[in-house]
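# Structure at a glance
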Amino acid sequence: MKSLADKERLPREIVAMRVAKELPDGAYVNLGIGIPTLVSSFVPEGRTVFYHSESGILNCGPIADEGEEDIDLINAGGQFLQRVGGMSFFDSAEAFAMIRGGHVDVTVLGSHQVSATGDLANWMLPQRGVGNVGGAMDLAAGASGVIVAMEHTDRNGQPKIVEECTFPLTGKGCVYLIVTDLAVIECDGKRLTLKEVAPGWTPEEVQQLTGARLTISPDVKEFEL
Amino acid sequence: MTSETENPPRQGKVFPSGLAALNGITDGASVLVAGFGGCGIPVKLLRGLAEIGVGNLTLICQGAWPQESGKFGIADLVAGGQVKKIISPLPFLPDNGGPVKELWEAGKLELEIVPQGILAERLRAGGAGIGGVFLPTGVGTRFAEGKEVRQFDGQDHIFEAALKADFALLRAQAADTLGNMVYQGSGRNWNPIMAMAAAVTIAEVDQVRERGGLDPELIITQAIFIDRLVLAS
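About the criteria used
In every chain, residue numbers begin from 1 and rise along the written sequence. Whichever chain is written first becomes A and whichever ligand is written first becomes 1, with later ones labelled in order. Local features in this predicted model are restricted to residues whose pLDDT is 70 or higher, and side-chain atom pairs enter the listing and the counts only when it is 80 or higher, whereas totals over whole chains, interfaces and linings include all residues. To get the side-chain values, take all heavy atoms of the structure and skip hydrogens and water. The helix count covers DSSP runs of H or I at least four residues long, the strand count covers runs of E at least two residues long, and both are numbered beginning at the N terminus. Two things to know: the radius of gyration comes from C-alpha atoms, and the globule rule equals 2.2 Å times the number of residues to the power 0.38. Residue contacts are defined here by distance: any two heavy atoms, one from each residue, within 4.5 Å place the two residues in contact. Methods summary: accessible areas were calculated by the Shrake-Rupley approach with a probe of 1.4 Å, and residue burial reflects only the protein chains presented. By the counting rule applied here, Lys and Arg register as positive and Asp and Glu as negative, while His and the ends of each chain are not counted. Think of each charge as sitting on NZ of Lys, CZ of Arg, CG of Asp or CD of Glu. Here the quantity called buried area is the accessible surface, traced with a 1.4 Å probe, that two parts lose on coming together, added over both. By salt bridge we mean one thing: a side-chain nitrogen of Lys or Arg within 4 Å of a carboxyl oxygen of Asp or Glu. Under the rule applied, a polar contact is a pair of N or O atoms within 3.5 Å (in protein, one hydrogen donor and one hydrogen acceptor; residues adjacent in sequence only if both atoms are side-chain atoms). Throughout, the ten residues Ala, Val, Leu, Ile, Met, Phe, Trp, Tyr, Cys and Pro are labelled nonpolar, Asp, Glu, Lys and Arg are labelled charged, and all others, Gly among them, are labelled polar. Residues belong to a common nonpolar core when they are buried Ala, Val, Leu, Ile, Met, Phe, Trp, Tyr or Cys residues joined through side-chain atoms within 4.5 Å. Residue burial is assigned from relative accessible area. The probe radius is 1.4 Å, only protein chains are included, and a residue is buried under 20% of its type maximum, exposed over 50%, and partly exposed in between. Residues forming no salt bridge and having over 30% relative accessible area are the ones grouped into patches, like charges within 9 Å of each other and nonpolar side chains (Val, Leu, Ile, Met, Phe, Trp, Tyr) within 5 Å. Strand pairing is defined by DSSP finding a minimum of two bridges between the two strands. By the criterion used throughout, a crossover qualifies as right-handed when its path from the first strand across the helix to the second strand runs clockwise, the strands pointing away from the viewer. All axes are obtained by fitting lines to C-alpha atoms, using only the stretch in contact for helices, and the reported angles, taken between N-to-C directions, cover 0 to 180 degrees.

In terms of helices and strands, chain B carries seven helices and eleven strands. Since a compact globule built from 233 residues should have a radius of gyration of about 17 Å, the 18 Å found for chain B is in line with a globular shape. Each principal axis of the C-alpha atoms in chain B carries an extent, and together these give about 55 × 45 × 30 Å. Relative to all contacts within chain B whose residues are 6 or more apart in sequence, the contacts with residues 24 or more apart total 76%. Element-wise, carbon and sulfur atoms account for 46% of the exposed surface of chain B, whose accessible area totals about 9700 Å². Across chain B, the centroid of the 20 positively charged side chains sits 2 Å from that of the 25 negatively charged ones.

This next bit is on the interface of chain A and chain B. Taken together, the contact between chain A and chain B spans 35 residues of the former and 38 residues of the latter. Summed over the three residues of chain A that lose the most area to chain B, namely Asp-72, Arg-100 and Asn-132 of chain A, the buried surface amounts to 19% of that side. Linking chain A with chain B are one salt bridge. Of the charged contacts, one joins Arg-100 of chain A and Glu-121 of chain B as a salt bridge, the two residues approaching to 3.6 Å between their closest N and O atoms. The interface formed by chain A and chain B holds 14 residue pairs in polar contact (both at pLDDT 80 or more) in total. Put simply, the parts of the chain that give the side of chain A that touches chain B at least two residues each are α3 (92–100) and α4 (136–141) of chain A. When residues of the side of chain A that touches chain B are assigned to their parent elements, the largest contribution, five residues, is made by α3 of chain A. Of the residues in the side of chain A that touches chain B, the class split is 18 nonpolar, ten polar and seven charged.

The subject of this paragraph is the nonpolar core. Val-29, Val-148, Ile-178, Ile-185, Leu-192 and Val-206 of chain A are the most contacted members of the largest nonpolar core, which has 61 residues in total. Examining the composition of this core, we find that five residues originate from one element, helix α1 (residues 12–20) of chain A, more than from any other. Setting aside its immediate chain neighbours within four residues, Ile-185 of chain A contacts His-152, Ile-161, Tyr-176, Leu-177, Ile-178, Leu-192, Thr-193, Leu-194 and Leu-214 of chain A. Leu-19, Leu-22, Ile-25 and Ile-202 of chain B belong to the second-largest nonpolar core, a separate cluster that totals 43 residues.

Next up on the list: a negative patch on the surface. Where like charges cluster on the molecular surface, the negative patch consists of Asp-65, Glu-66, Glu-68 and Glu-69 of chain A. Using a relative accessible area of 38% as the deciding quantity, one classes Glu-69 of chain A as partly exposed.

All names here are of chain A. In this fold, Val-39 is placed in the loop between α2 (35–38) and β2 (50–53). The exposure class assigned to Val-39 is buried, which follows from its relative accessible area of 0%. Setting aside anything within four residues of it in sequence, one finds Val-39 in contact with Ala-16, Val-19, Ala-20, Leu-23 and Leu-31.

Residues in a regular strand point their side chains to alternate faces of the sheet. All names here are of chain B. Relative to strand β3 (residues 83–88), strand β2 (residues 57–61) runs parallel, the two being bridged by four bridges. Within β3, the residue paired with Ile-60 across the bridge is Ile-87. As defined by bridge partners, β3 adjoins strand β4 (residues 110–113) across four bridges and the pair is classed as parallel. Across the sheet, the residue bridging to Ile-86 is Leu-111, located in β4. Since β3 and β4 lie parallel, the crossover through helix α5 (residues 98–105) that links them has a hand, and here it is right-handed.

Let us now look at the sheet that holds strand β1 (residues 28–31) of chain A. Strand pairing in a sheet takes place through backbone hydrogen bonds and is either antiparallel or parallel in direction. Residues and elements named next belong to chain A. Pairing within the open sheet is mixed, and its ten strands lie in the order β4-β3-β2-β1-β5-β8-β10-β11-β12-β13. Because the sheet does not close on itself, it has two edges, and the strands there are β4 (88–89) and β13 (214–222). With four bridges joining them, strand β8 (residues 146–149) and strand β10 (residues 175–179) adopt parallel strand pairing. Bridge pairing in β10 links Ala-149 to Val-179. Sheet contacts for α3: β1, β2 and β3 (57–58); angle to β2, the most-contacted strand, approximately 125°.

All names here are of chain A. Counted by the stated rule, this structure contains 17 salt bridges over all chains. Between Arg-18 and Glu-196 there is a salt bridge, with its nearest N and O atoms 2.8 Å apart. Separated by 178 residues along the polypeptide, Arg-18 in helix α1 and Glu-196 in strand β12 (residues 192–197) bring together distant segments of the chain. Exposure class is identical for Arg-18 and Glu-196. Each is buried. In the salt-bridge network here, residues are joined through shared partners; they are Arg-18, Glu-22 and Glu-196.

Set out below in structure tokens:
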């Protein structure tokens with residue numbers, strides 16, 4: 001029998017596409033680095049989403065073409081942006097006031113671990129001893145909660161969804177939805193509910209690669225894009 | 001120190017060189033350095049610090065990055081052994097950690113890692129004459145350890161003390177001779193808050209205009225916060 005570790009999973013783009021479906025029309029959205037960055041490419045047609053960046057930009061334009069880079073137009077990941085109508089600029093205190101104050105509607109972040117109660121651990125691997133924390137803690141503390149977009153298991157095949165985080169925490173109980181290359185899981189702060197699975201995967205197989213107990217939704221279905 | 005830094009010839013707030021504008025900075029100074037990632041970094045003033053050779057500095061900054069690979073930045077001051085401590089959310093260079101990691105591991109550099117939004121509010125409090133602020137950021141994490149916790153609206157908040165420094169090194173697009181300033185895009189970043197939170201503020205600008213040369217409706221940093229100006233080029 002083929003082991004689960006070798007079974008085909010969804011590509012990062014599909015994970016990003018599934019997250020994009022969660023963004024309401026007119027929402028202000030902050031995207032973290034990694035899979036979250038890809039989300040902006042897959043916003044469903046007819047929906048308008050405004051991107052917030054900790055670099056002090058609201059309504060970020062698309063990534064600048066090569067040769068057109070402007071050193072004074074960068075996002076939080078250091079990518080150069082195009083200048084578009086409706087953009088606005090502000091300082092770092094205002095950038096975080098927008099997040100902390102709950103004005104940003106959706107935050108999408110990658111993570112090393114997420115716990116059964118929605119704790120987020122995404123800023124540091126313990127073996128490093130110390131690390132860059134950046135703005136992750138403020139995003140996690142934002143009044144609107146966090147969607148996590150990540151691989152279901154780490155490089156060594158270990159579950160990233162766990163009963164209790166063993167890595168240093170970024171925020172407690174802040175995650176309300178987890179989208180991985182295997183599953184869509186809702187988090188209400190008490191339990192994790194498996195809502196969708198990747199094509200070809202059963203809920204039981206997803207549970208085997210998950211370090212926390214999943215409540216399987218009675219209407220669990222295949223990934224809906 | 002060079003004689004230039006002791007007796008800087010100047011007109012009002014406008015200094016003739018980076019070295020002249022840094023007059024009075026000494027070993028052990030605490031220095032706010034503006035900039036976010038690669039933009040809004042006062043490169044000329046950072047070079048000036050290297051040239052003067054002041055040591056034992058405490059730098060407060062978003063990150064210790066160079067402006068671009070090959071250009072001068074905070075990481076170079078660290079590599080040169082001039083920095084005692086860095087207070088920052090992102091002190092390590094993205095790939096290998098750079099000189100900050102190297103010196104920190106060797107026990108030659110102190111680090112205080114602060115979540116970015118907390119640093120912003122500590123500086124804003126410092127500049128506004130507020131002793132500190134209660135923030136929800138970092139509740140239940142190692143950043144809350146040993147700090148006072150209070151509940152507001154049913155939610156835990158952590159007390160974060162205000163932060164101020166001896167000097168602020170800033171970067172703006174244009175200033176008038178009084179010190180009113182405007183920025184370009186994400187070049188604004190930490191400048192307006194840091195401009196309020198230091199005893200002596202020094203801004204490196206692309207243009208200096210005459211009084212009245214900036215639209216008062218559009219001024220972001222007011223002259224009251226700016227002590228010294230120097231042209232970037």
